[in-house]
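# Observations on the three-dimensional arrangement
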Amino acid sequence: MNISAVINTYNAGEHLEKVLEALKSFDEIVVCDMESTDNTLDIARRFGCKIVTFPRNNSNICEPARDFAIHSASNPWVLVVDADEIVPPSLKEYLYSRVADPAFNAALLIPRLNCFMGRHIHGLPDYQLRFFPRDTTIWPPTIHSRPKVQVPIEKIPASRKDLYLVHLDDSPVSDRMAKLNRYTDNELSRRVSRRFSAPAMLFRPVWFFIRSFFMGGTWREGRRGIAKAYLDTIYQMMLICKITERDITGSPAHTGSPTGYINNNTPNNR
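Analysis parameters
Residues numbered from 1 in each chain as written. Predicted model: local features only at pLDDT ≥ 70, side-chain atom pairs only at ≥ 80, totals over all residues. Heavy atoms only, no water. Buried < 20%, exposed > 50% of the residue type's maximum accessible area, 1.4 Å probe, protein only. Helix = DSSP H or I, 4+ residues; strand = E, 2+ residues; numbered from the N terminus. Pairing = 2+ DSSP bridges. Patch = residues over 30% accessible without salt bridge, like charges linked within 9 Å, V, L, I, M, F, W, Y side chains within 5 Å. Areas by Shrake-Rupley, 256 points an atom, 1.4 Å probe, with all protein chains shown as cover. Salt bridge = Lys/Arg side-chain N within 4 Å of Asp/Glu carboxyl O. Axes fitted to C-alpha atoms, helices over the stretch in contact; angles between N-to-C directions. Parallel < 35°, antiparallel > 145°, perpendicular 65-115°, else oblique. Left-handed = near helix turned anticlockwise from the far one by under 90°. Contact = heavy atoms within 4.5 Å. Nonpolar A, V, L, I, M, F, W, Y, C, P; charged D, E, K, R; others polar. Core = buried A, V, L, I, M, F, W, Y, C linked by side-chain atoms within 4.5 Å. Phe/Tyr/Trp six-rings, centres within 6.5 Å; stacked < 30°, edge-to-face > 60°.

### Quick word on the pairing of strand β2 (residues 28–33)
Among the 6 residues in β2, 6 count as buried, and that is most of the element. Residues of β2 alternate between two faces, with E28, V30 and C32 on one and I29, V31 and D33 on the opposite face, all of them buried. Relative to β2, strand β1 (residues 3–9) runs parallel, the two being bridged by 6 bridges. Bridge pairing in β2 places I7 opposite V31.

### Description of the sheet that holds strand β13 (residues 165–167)
Spatially, 4 strands are ordered β5-β13-β7-β8 in an open sheet, and the strand pairing comes out mixed. In the strand order of this sheet, the two ends are held by β5 (85–86) and β8 (119–121), each with one partner.

### What to know about a nonpolar patch on the surface
Judged by side-chain polarity, V206, W207, I210, F214, M215 and W219 come together as a nonpolar surface patch covering roughly 600 Å² of accessible area. Positionally, I210 belongs in helix α6 (residues 198–215).

### Structural notes on the packing of helix α5 (residues 173–188) against helix α7 (residues 223–249)
It is at 9 Å that the axes of α5 and α7 come closest, and there the two elements cross at 40°. Here α7 runs oblique to α5, going by the angle between their axes. Here α5 and α7 pass one another in a crossing that is right-handed. Counted together, V173, R176, M177, L180, N181, Y183, T184, D185, E187 and L188 of α5 and L231, I234, Y235, M238, L239, K242, I243 and R246 of α7 form the full contact between these two elements. Partitioned by chemical class, the residues of the contact of α5 with α7 number 11 nonpolar, 2 polar and 5 charged.

### Examining helix α4 (residues 89–99)
Along α4, the positions that sit buried rather than exposed are L91, Y94, L95, Y96, R98 and V99. Buried positions along α4 lie against β1, β4 (77–81), β6 (107–110), β9 (128–133), β12 (153–155) and β13.

### Notes on the nonpolar core
Ranked by size, the top nonpolar core spans 33 residues in total, and within it I3, I7, L23, L79 and F131 carry the most contacts. Those elements that provide at least two residues to this core are β1, α1 (13–23), β2, α2 (40–46), β4, α4 and β6. For this core, the element with the highest residue contribution is α4, accounting for 5 residues. Not counting residues within four places of it along the chain, the set of residues in contact with L79 comprises I3, S4, A5, V6, F26, V87, L95, I110, R130 and F131. Counting residues in each nonpolar core, the second largest holds 20 residues, with C32, V52, L109 and W139 among its members.

### Side note on the packing of aromatic side chains
Under the criterion given, the structure shown has 9 aromatic pairs. Both rings, one in W77 and one in F131, keep their centres 5.4 Å apart while their planes meet at 10°; by these two values the pair is stacked. Of this pair, W77 sits in strand β4 while F131 sits in strand β9, placing them 54 residues apart in sequence. Like W77, the residue F131 is buried in the burial classification. Residues F209 and Y230 carry aromatic rings whose centres are separated by 5.7 Å and whose planes lie at 35° to one another, so their mutual orientation is tilted. On the criterion of sequence distance, the pair formed by F209 in helix α6 and Y230 in helix α7 is long-range, its members being 21 residues apart.

### Observations concerning unusual backbone geometry
A negative phi holds for most residues other than glycine; trans holds for most peptide bonds. Here the phi dihedral of N11 falls at roughly 50°; this positive angle occurs in a residue that is not glycine. Structurally, N11 can be placed in the loop between β1 and α1. Despite not being glycine, E35 shows a phi value in the positive range, around 65°. Take E35: it is sitting in the loop between β2 and α2. The class for E35 is partly exposed, based on a relative accessible area of 43%.

What follows is the structure, encoded as C-alpha coordinates:
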(Lines give C-alpha, C1' and ligand atoms only; values in the text may rest on other atoms or scores of the structure.)
Protein backbone atom coordinates (compact mmCIF):
# COMPACT_ATOMS: atom_id res chain seq x y z
CA MET A 1 0.00 0.00 0.00
CA ASN A 2 1.18 3.52 -0.81
CA ILE A 3 1.50 6.42 1.63
CA SER A 4 1.21 10.16 1.03
CA ALA A 5 2.98 12.57 3.36
CA VAL A 6 0.91 15.75 3.72
CA ILE A 7 2.17 19.13 4.96
CA ASN A 8 0.28 22.38 5.53
CA THR A 9 2.46 25.45 5.01
CA TYR A 10 2.50 29.20 5.36
CA ASN A 11 5.89 30.90 5.09
CA ALA A 12 7.50 27.65 6.22
CA GLY A 13 10.87 28.08 4.51
CA GLU A 14 12.94 27.98 7.72
CA HIS A 15 12.79 24.21 8.24
CA LEU A 16 11.04 22.93 5.11
CA GLU A 17 14.09 21.67 3.27
CA LYS A 18 15.09 19.41 6.17
CA VAL A 19 11.49 18.22 6.52
CA LEU A 20 11.16 17.33 2.83
CA GLU A 21 14.56 15.65 2.74
CA ALA A 22 13.31 13.25 5.41
CA LEU A 23 10.11 12.59 3.43
CA LYS A 24 11.51 12.12 -0.06
CA SER A 25 11.23 8.31 -0.04
CA PHE A 26 7.47 8.37 0.56
CA ASP A 27 5.26 7.65 -2.46
CA GLU A 28 3.98 11.22 -2.56
CA ILE A 29 4.51 14.51 -0.74
CA VAL A 30 1.56 16.91 -0.78
CA VAL A 31 2.24 20.52 0.21
CA CYS A 32 -0.99 22.39 0.95
CA ASP A 33 0.08 26.02 0.98
CA MET A 34 -1.89 28.89 2.48
CA GLU A 35 -0.54 31.59 0.15
CA SER A 36 3.06 31.81 1.37
CA THR A 37 5.09 34.89 0.53
CA ASP A 38 8.55 33.47 1.28
CA ASN A 39 10.49 30.69 -0.50
CA THR A 40 8.21 27.86 0.67
CA LEU A 41 6.87 27.03 -2.80
CA ASP A 42 10.31 27.20 -4.41
CA ILE A 43 11.55 24.59 -1.95
CA ALA A 44 8.47 22.40 -2.51
CA ARG A 45 8.92 22.53 -6.28
CA ARG A 46 12.59 21.61 -5.96
CA PHE A 47 11.59 18.43 -4.14
CA GLY A 48 8.93 17.55 -6.71
CA CYS A 49 6.03 17.89 -4.29
CA LYS A 50 2.41 17.95 -5.33
CA ILE A 51 1.35 21.52 -4.49
CA VAL A 52 -2.22 22.58 -3.77
CA THR A 53 -3.40 25.96 -2.49
CA PHE A 54 -5.88 26.70 0.26
CA PRO A 55 -6.80 30.41 0.56
CA ARG A 56 -5.63 31.76 3.89
CA ASN A 57 -8.23 34.55 4.08
CA ASN A 58 -8.21 35.78 7.70
CA SER A 59 -7.19 32.50 9.31
CA ASN A 60 -4.05 32.28 11.41
CA ILE A 61 -4.34 28.57 12.16
CA CYS A 62 -3.79 25.61 9.86
CA GLU A 63 -6.76 23.46 10.90
CA PRO A 64 -9.20 24.85 8.29
CA ALA A 65 -6.83 23.60 5.56
CA ARG A 66 -6.10 20.19 7.09
CA ASP A 67 -9.09 18.34 5.65
CA PHE A 68 -8.51 19.82 2.19
CA ALA A 69 -4.86 18.79 2.36
CA ILE A 70 -5.64 15.22 3.40
CA HIS A 71 -8.13 14.70 0.60
CA SER A 72 -5.74 16.19 -1.95
CA ALA A 73 -3.52 13.14 -1.44
CA SER A 74 -3.51 10.43 -4.10
CA ASN A 75 -2.79 7.45 -1.87
CA PRO A 76 -5.06 5.55 0.54
CA TRP A 77 -2.86 6.14 3.61
CA VAL A 78 -1.86 9.59 4.83
CA LEU A 79 0.85 10.79 7.21
CA VAL A 80 0.33 14.40 8.31
CA VAL A 81 3.54 16.24 9.13
CA ASP A 82 3.99 19.81 10.33
CA ALA A 83 6.44 21.98 8.40
CA ASP A 84 8.87 21.88 11.34
CA GLU A 85 8.82 18.14 12.07
CA ILE A 86 11.33 15.49 11.02
CA VAL A 87 10.20 11.93 10.26
CA PRO A 88 13.04 9.55 11.19
CA PRO A 89 13.81 6.71 8.74
CA SER A 90 12.75 4.13 11.31
CA LEU A 91 9.26 5.69 11.53
CA LYS A 92 8.90 5.60 7.76
CA GLU A 93 9.89 1.92 7.71
CA TYR A 94 7.50 1.18 10.55
CA LEU A 95 4.55 2.79 8.76
CA TYR A 96 5.21 0.89 5.55
CA SER A 97 5.51 -2.37 7.48
CA ARG A 98 2.11 -1.73 9.07
CA VAL A 99 0.26 -0.99 5.83
CA ALA A 100 1.89 -4.00 4.16
CA ASP A 101 -0.13 -6.17 6.54
CA PRO A 102 -3.52 -6.87 4.90
CA ALA A 103 -5.14 -7.05 8.34
CA PHE A 104 -4.01 -3.57 9.35
CA ASN A 105 -6.87 -1.09 9.61
CA ALA A 106 -6.14 1.55 12.23
CA ALA A 107 -5.08 5.13 12.84
CA LEU A 108 -1.83 5.69 14.71
CA LEU A 109 -0.96 8.02 17.55
CA ILE A 110 2.68 8.94 17.00
CA PRO A 111 4.88 10.23 19.86
CA ARG A 112 6.73 13.51 19.33
CA LEU A 113 9.86 15.01 20.88
CA ASN A 114 9.65 18.78 21.42
CA CYS A 115 12.33 21.45 21.87
CA PHE A 116 12.35 24.08 24.60
CA MET A 117 15.08 26.55 25.50
CA GLY A 118 17.71 25.03 23.27
CA ARG A 119 17.26 21.30 23.91
CA HIS A 120 14.69 18.56 23.54
CA ILE A 121 12.48 18.35 26.57
CA HIS A 122 11.80 14.90 27.93
CA GLY A 123 8.62 13.95 29.69
CA LEU A 124 5.50 12.07 28.76
CA PRO A 125 5.26 11.62 24.99
CA ASP A 126 3.46 14.35 23.08
CA TYR A 127 1.19 12.04 21.10
CA GLN A 128 -0.21 13.20 17.76
CA LEU A 129 -2.89 11.40 15.72
CA ARG A 130 -1.18 11.74 12.35
CA PHE A 131 -1.48 8.47 10.41
CA PHE A 132 -4.80 7.21 9.07
CA PRO A 133 -6.73 6.11 5.98
CA ARG A 134 -7.55 9.08 3.75
CA ASP A 135 -11.10 8.26 2.72
CA THR A 136 -12.60 7.70 6.18
CA THR A 137 -10.96 10.66 7.95
CA ILE A 138 -12.27 14.19 8.54
CA TRP A 139 -10.27 16.98 10.20
CA PRO A 140 -12.53 19.59 11.89
CA PRO A 141 -11.61 23.23 11.11
CA THR A 142 -11.26 24.37 14.74
CA ILE A 143 -8.12 25.08 16.74
CA HIS A 144 -6.67 22.17 18.73
CA SER A 145 -8.95 19.75 16.86
CA ARG A 146 -7.70 16.35 15.90
CA PRO A 147 -8.84 14.15 13.04
CA LYS A 148 -12.05 12.17 13.31
CA VAL A 149 -11.39 8.64 12.11
CA GLN A 150 -13.68 5.67 11.55
CA VAL A 151 -11.12 3.03 12.39
CA PRO A 152 -9.59 1.89 15.71
CA ILE A 153 -6.81 4.08 17.11
CA GLU A 154 -3.52 2.48 18.11
CA LYS A 155 -0.65 4.08 19.98
CA ILE A 156 3.00 3.61 19.09
CA PRO A 157 4.68 2.58 22.38
CA ALA A 158 6.48 5.38 24.20
CA SER A 159 9.42 3.02 24.61
CA ARG A 160 10.07 3.13 20.84
CA LYS A 161 12.27 6.22 20.98
CA ASP A 162 13.41 5.57 17.40
CA LEU A 163 9.88 6.23 16.13
CA TYR A 164 9.38 9.70 17.62
CA LEU A 165 8.63 12.64 15.36
CA VAL A 166 11.25 15.32 16.02
CA HIS A 167 9.81 18.82 16.45
CA LEU A 168 12.36 21.44 15.38
CA ASP A 169 10.54 24.55 16.58
CA ASP A 170 12.28 26.21 19.52
CA SER A 171 10.65 29.63 19.70
CA PRO A 172 11.86 32.06 22.39
CA VAL A 173 9.53 32.70 25.31
CA SER A 174 8.43 36.07 23.88
CA ASP A 175 7.19 34.36 20.70
CA ARG A 176 5.53 31.61 22.70
CA MET A 177 3.65 34.21 24.75
CA ALA A 178 2.37 35.84 21.56
CA LYS A 179 1.29 32.41 20.35
CA LEU A 180 -0.57 31.76 23.60
CA ASN A 181 -2.49 34.98 23.04
CA ARG A 182 -3.48 33.89 19.52
CA TYR A 183 -4.37 30.39 20.70
CA THR A 184 -6.67 31.62 23.44
CA ASP A 185 -8.35 34.13 21.09
CA ASN A 186 -9.07 31.30 18.66
CA GLU A 187 -10.21 28.92 21.38
CA LEU A 188 -12.84 31.39 22.59
CA SER A 189 -14.82 30.77 19.42
CA ARG A 190 -15.33 27.09 20.28
CA ARG A 191 -16.13 27.71 23.95
CA VAL A 192 -19.23 29.83 23.43
CA SER A 193 -21.16 28.57 26.47
CA ARG A 194 -18.14 27.93 28.74
CA ARG A 195 -17.82 29.76 32.05
CA PHE A 196 -15.68 29.27 35.13
CA SER A 197 -16.75 29.47 38.77
CA ALA A 198 -14.54 31.24 41.30
CA PRO A 199 -13.17 27.93 42.70
CA ALA A 200 -12.40 26.73 39.16
CA MET A 201 -10.56 29.97 38.46
CA LEU A 202 -8.41 29.36 41.53
CA PHE A 203 -7.65 25.68 41.13
CA ARG A 204 -7.64 24.99 37.36
CA PRO A 205 -4.25 26.71 36.78
CA VAL A 206 -2.79 24.84 39.78
CA TRP A 207 -4.00 21.56 38.34
CA PHE A 208 -2.42 22.31 34.96
CA PHE A 209 0.92 23.12 36.59
CA ILE A 210 0.80 19.83 38.49
CA ARG A 211 -0.19 17.95 35.33
CA SER A 212 2.63 19.49 33.29
CA PHE A 213 5.42 19.50 35.86
CA PHE A 214 4.82 16.35 37.89
CA MET A 215 2.56 14.08 35.82
CA GLY A 216 4.07 15.23 32.52
CA GLY A 217 7.57 14.52 33.71
CA THR A 218 9.08 17.94 33.03
CA TRP A 219 10.39 17.98 36.64
CA ARG A 220 13.35 16.06 35.19
CA GLU A 221 14.38 19.17 33.26
CA GLY A 222 15.08 21.41 36.27
CA ARG A 223 14.54 25.12 35.60
CA ARG A 224 13.54 24.46 31.99
CA GLY A 225 10.83 22.12 33.22
CA ILE A 226 9.50 24.71 35.65
CA ALA A 227 9.41 27.33 32.89
CA LYS A 228 7.58 24.93 30.55
CA ALA A 229 5.01 24.18 33.24
CA TYR A 230 4.59 27.91 33.86
CA LEU A 231 3.77 28.47 30.18
CA ASP A 232 1.21 25.65 30.21
CA THR A 233 -0.34 27.27 33.29
CA ILE A 234 -0.31 30.77 31.77
CA TYR A 235 -2.27 29.43 28.80
CA GLN A 236 -5.04 28.29 31.12
CA MET A 237 -4.98 31.57 33.06
CA MET A 238 -5.29 33.61 29.86
CA LEU A 239 -8.17 31.48 28.62
CA ILE A 240 -9.99 31.69 31.96
CA CYS A 241 -9.58 35.47 32.07
CA LYS A 242 -10.83 35.97 28.51
CA ILE A 243 -13.86 33.71 29.03
CA THR A 244 -14.64 35.47 32.33
CA GLU A 245 -14.30 38.88 30.68
CA ARG A 246 -16.76 37.82 28.00
CA ASP A 247 -19.15 36.42 30.60
CA ILE A 248 -19.09 39.50 32.84
CA THR A 249 -19.03 42.28 30.24
CA GLY A 250 -21.10 40.55 27.59
CA SER A 251 -18.56 41.51 24.97
CA PRO A 252 -18.13 39.21 21.98
CA ALA A 253 -15.06 37.01 21.72
CA HIS A 254 -12.05 39.02 20.63
CA THR A 255 -10.58 37.76 17.38
CA GLY A 256 -8.10 40.50 16.63
CA SER A 257 -6.07 40.77 13.48
CA PRO A 258 -4.05 37.72 12.47
CA THR A 259 -0.44 38.40 13.34
CA GLY A 260 1.02 35.01 12.64
CA TYR A 261 0.30 31.49 11.50
CA ILE A 262 0.06 28.65 13.98
CA ASN A 263 1.28 25.56 12.17
CA ASN A 264 0.27 23.01 14.75
CA ASN A 265 -2.78 21.73 16.50
CA THR A 266 -1.91 20.82 20.04
CA PRO A 267 -1.39 22.65 23.29
CA ASN A 268 1.91 20.81 23.76
CA ASN A 269 3.48 23.03 21.14
CA ARG A 270 3.21 26.00 23.41
